[in-house]
Every structure is written in C-alpha cells, then in structure tokens.
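Structural characterization, general
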Amino acid sequence: MPSELPTPKNVIVTQDPAELLSYPLNPPVRSPLKRTGQGLRFVILQQPTKSGKDKVYTIPDALGSGGDTQIGESRKSRVMPPGQTANPPEVPNDKCDFDKPPEGVDRKMLEVDNIKPFGPMVHKLVYSRRHIEKLREIKPDDLPDAVVQFYEIAENGCRTFGAIFDGLAVGMNFGEYLRSGASQRHLHYQVAGISPATYNPGDRLGALCQAYRSVHPGEDYLSDYEEALVAANLVVARASNGRAFAFAPISPRFKGEVQIMLTRREGQNGHILDTTPQEREALGELQYILLERLDWLGCVALNQLWYMTRFSTANTFGQRLIVSICPRTSIMAQYELLGYSVIDMMPWEAAATLRAAESLYFGLRP
C-alpha cells in the first residue's frame, strides 16, 4: 500500500523492513541512505501501531552512532497532566563561578581545568568572557574563538601526553538544567581527552563509512549523504567561506536538531587537528547562525556533540568532522534510554523552519 505521506522526491517510504539496508559490522548498523539505479535515496519505514489507528515512521540514525528515530504525529496532541513536564521554579543565583576572568588574557573565550574532571588526561571548560546565559546574548565573534581553543587544547595534549592522547570529546550543555544537564548557567563547552581505551562516538560513524565503501567500492558515504541531503532540500545554511554547511538530519533525535559538516573531501578531515583556520572559522560562524535561529524559535535548552575520528585513525574512508546541535524540550525518558528518539516532526518540515525564511512548522518554547 503506497504511503500518503508527502515527501521530497528522493525519499522513499516503505512498509517492507528489508528496504532498510544493513551494513556488515558486528553488530550490524543500518542506514537510511540507499544507492539505487535511480540515484541516491533516503528510505523511511512506515509501521502501524498495535491499534492500527496511527502510523509510526522509523529512520535509522544516519551517523550510525545511535538507534532509531521514531516519528509519530499523534504525539502532537498528547495530553499531559498540568505541570508534568514543567521545570520547578528557577531560583535566582547571583553567583557565577566564571564571572571573574583571568588577568592578562585578552580573548573572547577562556579556558580553565574542570575542578571535578571525568575526562582522562585533559578536561577543560571553554567559556565566554562575558556572562552569557541566553542564546540571544551570544555575539558572532564569540564562538569562532572557542573552536580555535579546541585546536590549541588538542595540540597541547599531544605534546604533553604523546600517542596515548588519542582525541577530544567536545560538547555543550546550555540552558535549563532538567532538560540539558547544564549545571552552570554560563555559556561553556566541555572538552575532555580520549585515550585508546575511551569510548568515542565518532568511531561508529567511521565504521559505517568503511562498511559503506566495502559494499559500494570507490564511493564515499558522507559525500553521498551530502548529495542526498541537498536533493531532499534538508540543507539550512552554508558558511560564508563555503568550508562547512548545516542541515536538518534525515534521522533527527530531537525536535529541531541541526548538524554541521565540513565540506572538504580530499585529505584528512575527521578531527579538530585536521581542520584549517578557514574551516574552524566556518564551524564557529555556523554555530552562531544556528543558535540565533533556535533562539528565534524559543529554544531555552540544548546539547551539542562533536563527532570526530581519533587522532590515531588512518582516515582513508572519507569521514568528516560533524557537529550536532540538539534543542531540548523535555527530559530523557525510558524510550530514549532504549535508543529510540521520539519526535513529532518530519525532517523536511524542520529544515524549512530552520532556514528561517519559510513555513514555521514548529516552535521550541516549553
């Protein structure tokens, strides 16, 4: 039975689970990206609920690092008891641990060792010199300096620790605590070291890139993914220098999730030390553009995660650095902990809204 869901021209909706390709990893990883005789396609699985009254659309994580996205439009009308998803009243806090910047340091962003580290070898906080606790307070030249500092932290870590320092885990908690886990109401990133024995979320994406090439010799997974994103009109912004672009992922884990990918295809492009000054500038510029748009939509909490290769990885399979920005409108619950990201918004609708010049399909106010 054909789907009644209106989709972009290169998106296939199927009721046959076999249409979702599985790549030869252990355990196997699935991807919505499919090469066909008609070109590159995204495949979405339509499944009925037990009652048969509703439909759920399943999309495997395109980065291979998580589980499934489950899109169910009936969630838009769910009824919750009053206050069930509300935060407790905010308690005014006049004290900020970051409000006294160090003397003699003239930078937009500053760094300090985390006093309670949980990252091996290195665990830094990179934070704004000005007190920033709302997205609208961020200025265009704040975030590029943070990206430069990630590069410097990586360089210093390699000099200090040598080969055992195998990468960086970079991310951000911002906004309301219950939604984002931000224990400090001041714009800051967490930057932690990765050793050869530390889990790295970028490893799974790398494995998917390698598996894709083994099935499609000579092809590049992320280049094909970029081409399919463009065809599905999921691109939402491009850096002014062309070194990175932002897009609504085909498999969003959070409502309004938006990702940034570097555009360079030749050479190594998988981690922060691979980047050029122009690419670091592009990553900072696009973060500002996207956070500004999320603020327009009422975002008050978000998480950010960087997917990168390890420093030791021989990246011959086209993996690129990717940043994911995840608006948070609710706390994590049982289904999400099982690996299912549950939302109510189709990715092409989210892309239109995130372009900030088309239909407003959603807002992010709690």
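In what follows, the structure referred to is the one given above.
Since the structure is predicted, the reported quantities are computational estimates derived from the model, not experimental observations.

1. Examining the pattern of salt bridges
- Considering all chains together, one arrives at 20 salt bridges under this definition.
- For the salt bridge of R35 with E219, the shortest nitrogen-to-oxygen distance reads 3.5 Å. Within this pair, whereas R35 is found in strand β4 (residues 33–36), its partner E219 is found in the loop between α3 (202–215) and α4 (221–231), the two being separated by 184 residues in sequence.
- Residue class for R35 comes out partly exposed when judged on its relative accessible area of 32%.
- Residue E219 is classed as partly exposed on the basis of its relative accessible area of 27%.
- The closest approach of N and O atoms between E226 and R320, which form a salt bridge, is 2.9 Å. Residue E226 is located in helix α4, and its partner R320 is located in the loop between β15 (301–307) and β16 (322–327); the two are separated by 94 residues in the primary sequence.

2. Observations concerning the nonpolar core
- Grouped together as the largest cluster of nonpolar side chains are 91 residues, with contacts concentrated most on F42, L168, Y189, Y225, I272 and W306.
- When sequence neighbours within four positions are dropped, the list of residues in contact with W306 reads V147, F150, V170, I272, L283, Q287, L321, I322 and V323.
- C96, F98, L125 and Y127 belong to the second-largest nonpolar core, a separate cluster that totals 5 residues.

3. Points about the pairing of strand β10 (residues 167–175)
- For β10, a buried count of 7 out of 9 residues is recorded, marking the element as mostly surrounded by other parts of the structure.
- Of the strand pairs in this sheet, β10 and strand β11 (residues 188–194) are connected by 6 bridges, and their pairing is antiparallel. Its bridge partner being in β11, V170 is matched across the sheet by V191.
- Here β10 runs beside β15; their pairing, made up of 5 bridges, is antiparallel. Within β15, the position partnered with N173 by the bridge is N303.

4. Focus on the packing of α3 against α4
- Orientation of α3 relative to α4, taken along the N-to-C sense of each, is 90°, at an axis distance of 8 Å. Here α4 runs roughly perpendicular to α3, going by the angle between their axes. From α3, L205, L208, C209 and Y212 reach across to α4, where they touch Y221, L222 and D224.

5. Here's the deal with the pairing of strand β12 (residues 235–238)
- Across 3 bridges, β12 lies against strand β13 (residues 244–247) in antiparallel orientation. Looking at the pairing, R238 lines up with F245 of β13.

6. Side note on the packing of aromatic side chains
- Scanning the model with the defined rule gives 10 aromatic pairs in all.
- Aromatic side chains F245 and F247 sit 5.4 Å apart centroid to centroid with 35° between the ring planes, which places their arrangement in the tilted category. Neither F245 nor F247 differs from the other in exposure class; each is buried.
- Taken together, the aromatic side chains of F42, Y212, Y221, Y225, F245 and F247 make up a single cluster linked through ring pairs.

7. Things to note about unusual backbone geometry
- Within the chain, M121 stands out as a residue other than glycine whose phi angle is a positive 70°.
- Examined against the element boundaries, M121 turns out to sit in the loop between β8 (109–113) and β9 (123–128).
- Unusually for a residue other than glycine, N233 sits at a positive phi of about 60°.
- The topology assignment puts N233 in the loop between α4 and β12.

8. Re the sheet that holds β12
- The strand order β8-β9-β11-β10-β15-β16-β14-β13-β12 describes an open sheet built from 9 strands, whose pairing is antiparallel. Each having just a single partner strand, β8 and β12 make up the two edges of the open sheet. Here the strands of the sheet are splayed against their neighbours by 20° on average, with no regard to which way each runs.
- Set on the sheet, helix α1 (residues 143–161) makes contact with β8, β9, β10, β11 and β15; between it and β8 the angle comes to about 40°.
- Its contacts with the sheet place α4 against β12, β13, β14 (258–262) and β16, and it is angled at close to 55° to β13.

9. Points about the environment of Q149
- In this fold, Q149 is placed in helix α1.
- Counting along the chain gives 39 residues from Q149 to L110, while the straight-line C-alpha distance between them is 8.3 Å.
- In contact with Q149, other than residues within four places in its own chain, are R107, M109, L110, E111 and V126.

10. Thoughts on helix α5 (residues 277–296)
- With 20 residues, α5 should reach 28 Å at 1.5 Å per residue; the first-to-last C-alpha distance of 29 Å fits that figure.
- Within two residues after α5, G298 carries a phi angle of roughly 95°, on the positive side.

Each value, and the rule that gives it
Residues numbered from 1 in each chain as written. Predicted model: local features only at pLDDT ≥ 70, side-chain atom pairs only at ≥ 80, totals over all residues. Heavy atoms only, no water. Salt bridge = Lys/Arg side-chain N within 4 Å of Asp/Glu carboxyl O. Helix = DSSP H or I, 4+ residues; strand = E, 2+ residues; numbered from the N terminus. Buried < 20%, exposed > 50% of the residue type's maximum accessible area, 1.4 Å probe, protein only. Core = buried A, V, L, I, M, F, W, Y, C linked by side-chain atoms within 4.5 Å. Contact = heavy atoms within 4.5 Å. Pairing = 2+ DSSP bridges. Axes fitted to C-alpha atoms, helices over the stretch in contact; angles between N-to-C directions. Parallel < 35°, antiparallel > 145°, perpendicular 65-115°, else oblique. Phe/Tyr/Trp six-rings, centres within 6.5 Å; stacked < 30°, edge-to-face > 60°. Expected span 1.5 Å × (residues − 1).

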